[in-house]
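Fold and geometry: a report
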Amino acid sequence: MGAGGHDPKSHGSPAQILASGTSGFLELLIFHPIDTVGKRLINHRGSAIGSTTSQTMSNLRSIIFRDVQSKSILSKYASLFPGFKFAVLYKVSQRTYQFGGHPIVAKYITNTELGNYVKDRYGNRKGRTIIHALSGSIIGIGEVSLLPFDALKVKSQTASKTLSSNSVSKSIKSSASIPIQTLSSTSAFSTHSTISATKTSQTILSPNLGFFVNTIALYRGASWTAARNSIGCVALFGTSAMVKDMVFNVDEEKVRATIFQTFVASVSGAVASILIASPLDVIKVRVQAAPNDRPLKGIEVLRTLIRNEGAFALYKGIVPKLLVASPKISFTFFLSSQLAPFLAKYLGL
């Protein structure tokens, strides 16, 4: 995620949307391996801390590199790119939606009675910070529509043998025959007596019904994702706008923030977002990573995690996230802010 900082004149323009999608793709090429490391650490049950430093390092290598931990550096690096095609679908869609959509929503709210009320109540500059946070929250909740792409990416990163060699459609269809025990607890057309009579652990569904059921399954954790995105985007866009206003005294309705100011504001927003949303992100990832035949509920994940791993487990993977936040956000926003005016000028967008 990132924070606002582009020229207001380019907000919501086709050039900005195209620049956002392109930046998202290039961001993915560079930072996908680090994201994979974070996801695998989050999904790991138990502690990686051993009795000695060497044991701890060995545990980390096993968690991160899995079957290739003893192979070459190139093989290890290549193993961090599972689900790349899913990641492309998700990241490009996400960045286009976030960076291109947020200015449109913010502008819309600004021109409504709500926007006028906020600015009258809190002043123009503080009001803009609140409007940025509110529009970020709306964008974050709407981002749930992209959840299937994210779910397939997470499943590939945490269980690469299952999905890495399949396309999106094959991945969904591959689990069309789902355990009858799962359906018996959630649907009216499957009963315990059917299980006893057939003595089988599999139910045979029509291809269309199986496809539908497993497409819906990709939306598991949607409520947790919406909460995580909403809270995260409030912190993200709100903190960024606040830093520009309170630290740099920049009024973006009159002057464009410099690259340095945008960088600092973006990193501040990203760090705040990661710290605040991390617990919800851990739950979301584990719900998404659960096998189709053994789905988990978010509250169940939370109870089990705290009981077996402790409350600090809600911040698993936080170090890779924080380490990558600064270069990742600065790269994406710098490229996006530079590409937008270039595309507008030379492509007439």
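Summary of the structure given here. (Residues numbered from 1 in each chain as written. Predicted model: local features only at pLDDT ≥ 70, side-chain atom pairs only at ≥ 80, totals over all residues. Heavy atoms only, no water.)

The phi torsion at Arg66 lies on the positive side, around 55°, for a residue other than glycine. Topologically, Arg66 is positioned in the loop between helix H2 (53-65) and helix H3 (73-78). One non-glycine residue, Asn249, lies in positive phi territory at about 55°. By the element assignment, Asn249 lies in the loop between helix H13 (222-247) and helix H14 (259-289). (Helix = DSSP H or I, 4+ residues; strand = E, 2+ residues; numbered from the N terminus.)

Its place among the elements puts Thr36 in helix H1 (residues 14-43). Apart from the residues within four sequence positions on either side, Thr36 is in contact with Leu80, Pro82 and Gln157. (Contact = heavy atoms within 4.5 Å.)

Time to look at the pattern of salt bridges. Two side chains bearing opposite charge may form a pair once their charged atoms approach each other closely. Here the structure, examined in full by the defined rule, presents six salt bridges. Here Asp281 and Arg228 are joined by a salt bridge, their closest N and O atoms 3.0 Å apart. Residue Asp281 is found in helix H14, and its partner Arg228 is found in helix H13; the two are separated by 53 residues along the sequence. Judged by its relative accessible area of 5%, Asp281 is buried. Classification of Arg228 by relative accessible area gives buried; the value is 13%. Residue Glu309 pairs with Lys316 through a salt bridge whose shortest N-O separation is 2.7 Å. Glu309 gets classed as partly exposed once you look at its relative accessible area, which sits at 23%. The structure contains a network of salt bridges with shared partners spanning Glu27, Lys91 and Arg95. (Salt bridge = Lys/Arg side-chain N within 4 Å of Asp/Glu carboxyl O. Buried < 20%, exposed > 50% of the residue type's maximum accessible area, 1.4 Å probe, protein only.)

To continue, consider H14. In an α-helix there are 3.6 residues to a turn, and that puts residues three or four apart on one side. With 31 residues, H14 extends just 38 Å between its outermost C-alpha atoms, more than 12% less than the 45 Å of an ideal straight helix rising 1.5 Å per residue. If you look at H14, its biggest bend is around 60°, right at Ser278, and the proline Pro279 turns up within four residues after that. (Expected span 1.5 Å × (residues − 1). Bend = angle between axes of the 7 residues up to and from the residue.)

Along the chain, Glu143 falls in the loop between helix H6 (124-142) and helix H7 (147-158). Arg228 provides the closest opposite charge to the buried, unpaired Glu143, separated from it by 4.9 Å. A polar contact is formed between the side chain of Glu143 and the side chain of Tyr90, at a distance of 3.3 Å. Beyond its immediate sequence surroundings of up to four residues, Glu143 is in contact with Tyr90, Gln94, Tyr97, Gln98 and Asn229. (Lys, Arg positive; Asp, Glu negative; His and termini not counted. Polar contact = N/O pair within 3.5 Å; in protein donor to acceptor, adjacent residues only side chain to side chain.)

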